[in-house]
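Here is how the chains run, residue by residue.
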Amino acid sequence: MIERLKLGVPKGSLQNATIDLFKRSGWKINVNGRSYFPEINDEAIDCAICRAQEMSRYVENGTLDAGLTGKDWIAENSSDVHVVADLVYSKVSARPARWVLAVPYDSDIKTLHDLQGKKIATELVAFTKRYFAEKNIDVKVEFSWGATEAKVVSGLADAIVEVTETETTIRAHGLKIIHELMQTNTQLIVNHEAWKKPRKRDKIEQIALLLQGALRGEKLVGIKMNVPEKCIDRIIPLLPSLNAPTIAHLYNSDWLSVESVVDGSVVRDLIPQLLKNGAEGIIEYPLNKVV
């Protein structure tokens, strides 16, 4: 009988983004209604849904072998787990989120030391307490169940420590950021005992490899074109690629087929340059994974 890997999928804002990432990596996770144990098309894995805030504790104590959660919640729980991979993705953007200290625009608080004796509201209580204690700043840190920005607006706190990617919500509440405490991203973590078991370790390494490949593929595109042989020396220097571009002769022709993988962000500027230098029939196509 196969010893299954018990894998935790984060519930909440990261759930859909995580399921989509697994789909692009080759695993289909099917969440049925309110069930906390979704189906997955891999007989070697059992899935469980749990809050990202609690994931590292469940992995540490062996309830789960592995799981995905934020670096922030690992720090909050001071969890002793093995980090297999950093995975920068979210429901909003492909960049790390930030935990920041924010105050009202008209606040007299300009620096961390101005918070001496003040009250801070946050969901990241333990980390925030340690952060200020290390700087010898005496603050009162209170847990916020949500709508943390409103705590300052209503006068229930002097400042907040909140996570943000775009700063939109913070600005919308009339707040300004005066300090960044940490950057965070999703991490694939594993229990130390599970990591020692070859079968489970092989499976978690497979998951890490393909998740990272899917994230890399999201940023890259394939590009293919026909180029007259006389123009090839002008085209090749324009093509950034993982390695050298692939070049093949077209049948009974002095034209070449050129194919490369490039960063998706440069394509809009690259294509006009390729056309000006003799390329024709340019095709751009998405990549599912790049490993």
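Residues numbered from 1 in each chain as written. Predicted model: local features only at pLDDT ≥ 70, side-chain atom pairs only at ≥ 80, totals over all residues. Heavy atoms only, no water.

The chain carries the name ATP phosphoribosyltransferase in an unreviewed UniProt entry, which gives Desulfococcus multivorans DSM 2059 as its organism. One UniProt comment on the chain, placed under Pathway (unreviewed entry), says "Amino-acid biosynthesis; L-histidine biosynthesis; L-histidine from 5-phospho-alpha-D-ribose 1-diphosphate: step 1/9." Turning to the chain, the UniProt annotation filed under Catalytic activity (unreviewed entry) states: "1-(5-phospho-beta-D-ribosyl)-ATP + diphosphate = 5-phospho-alpha-D-ribose 1-diphosphate + ATP". (UniProt positions renumbered as here; feature names shortened; annotations may be inferred.)

Draft legend 1. Highlighting the overall build of the chain. A tally of helices and strands in the chain yields ten helices and 16 strands. Relative to the compact-globule value of 19 Å for 291 residues, the chain shows a C-alpha radius of gyration of 24 Å, a clear excess of over 25%. Taken along the three principal axes of its C-alpha coordinates, the chain extends 80 × 60 × 35 Å. Evaluated residue by residue, the chain yields a buried proportion of 45% over its 291 residues. Restricting the contact set of the chain to residue pairs at least 6 apart, pairs at least 24 apart contribute 69%. (Helix = DSSP H or I, 4+ residues; strand = E, 2+ residues; numbered from the N terminus. Rg over C-alpha atoms; globule rule 2.2 N^0.38 Å. Buried < 20%, exposed > 50% of the residue type's maximum accessible area, 1.4 Å probe, protein only. Contact = heavy atoms within 4.5 Å.)

Draft legend 2. Region of the structure containing the nonpolar core. Ranked by size, the top nonpolar core spans 30 residues in total, and within it Leu7, Phe22, Leu68, Leu87, Tyr89, Leu188 and Ile207 carry the most contacts. Residue assignment for this core shows that the elements contributing at least two residues are β1 (5-11), α1 (15-25), β4 (45-51), β5 (66-70), β6 (82-87), β12 (186-190), α7 (192-195) and α8 (198-219). In terms of residue count, the dominant contributor to this core is α8 (seven residues). In contact with Leu7, other than residues within four places in its own chain, are Phe22, Ile45, Asp46, Cys47, Ala48, Leu64, Ala66, Gly67, Leu68 and Ile207. Judged by nonpolar contacts, the second largest core, of 21 residues, contains Leu115, Tyr131, Val141 and Val161. (Core = buried A, V, L, I, M, F, W, Y, C linked by side-chain atoms within 4.5 Å.)

Draft legend 3. Layout of the domain arrangement of the chain. For the chain, the assigned domains are domain 1 (5-89 + 186-196), domain 2 (97-183) and domain 3 (220-286). Using only C-alpha atoms to locate each centre, domain 1 and domain 3 end up separated by 40 Å. (Domains from an automatic or database assignment.)

Draft legend 4. Representation of the packing of α1 against α8 within the structure. Contact pair α1 / α8: the axes reach a minimum separation of 8 Å and the direction vectors enclose 95°. The angle between α1 and α8 places the two elements in the roughly perpendicular class. Judged by residue contacts, Leu21, Phe22, Arg24 and Ser25 of α1 engage Ile207, Leu210, Leu211, Ala214, Leu215 and Glu218 from α8. Of the residues in the contact of α1 with α8, the class split is seven nonpolar, one polar and two charged. (Axes fitted to C-alpha atoms, helices over the stretch in contact; angles between N-to-C directions. Parallel < 35°, antiparallel > 145°, perpendicular 65-115°, else oblique. Nonpolar A, V, L, I, M, F, W, Y, C, P; charged D, E, K, R; others polar.)

Draft legend 5. Just the pairing of strand β14 (residues 246-249), in detail. By the bridge criterion, four bridges tie β14 to strand β15 (residues 255-263) in an arrangement that is antiparallel. When the bridges of β15 are listed, Thr246 appears paired with Glu259. Adjacent in sequence and paired antiparallel, β14 and β15 are bridged by five residues, among which Asn252 carries a positive phi angle near 50°. (Pairing = 2+ DSSP bridges.)

Draft legend 6. Quick peek at the pattern of salt bridges. Per the stated rule, a full pass over the model turns up 16 salt bridges. Note that Glu123 is salt-bridged to Arg51, the shortest N-O span being 3.8 Å. Taken together, the residues span a long stretch of sequence, with Glu123 in the loop between β8 (119-122) and α4 (125-134) and Arg51 in strand β4 at a distance of 72 residues. Residue Glu123 is classed as partly exposed on the basis of its relative accessible area of 22%. Given a relative accessible area of 41%, Arg51 falls into the partly exposed group. Between Lys119 and Glu142 there is a salt bridge whose closest N-O contact spans 3.7 Å. With Lys119 in strand β8 and Glu142 in strand β9 (residues 140-143), this residue pair connects regions lying 23 residues apart in the sequence. Overall, Lys119 belongs to the partly exposed group, its relative accessible area being 26%. Given a relative accessible area of 29%, Glu142 falls into the partly exposed group. (Salt bridge = Lys/Arg side-chain N within 4 Å of Asp/Glu carboxyl O.)

Draft legend 7. Inspection of the state of the cysteines at higher detail. As enumerated under the stated definition, the model contains zero disulfides in all. With no disulfide partner, Cys50 has as its closest neighbouring cysteine sulfur the one in Cys47, 11 Å distant. The class for Cys50 is buried, based on a relative accessible area of 10%. (Disulfide = S-S within 2.5 Å.)

Draft legend 8. Main features of the environment of Val88. When you line up the elements, Val88 lands in the loop between β6 and β7 (97-104). Considered as a pair, Val88 and Thr184 are 96 residues apart in the sequence and their alpha carbons are 8.7 Å apart.

Draft legend 9. Quick look at the sheet that holds strand β16 (residues 280-286). Strands sit in the order β14-β15-β13-β16 across an open sheet of four strands; the sheet is antiparallel. Looking at strand neighbours, the two that pair on one side only are β14 and β16, the edges of this open sheet. Direction aside, neighbouring strands of the sheet carry axes that sit 15° apart on average. Docked against the sheet, α8 engages β13 (220-228) and β15, running at close to 50° with respect to β13.

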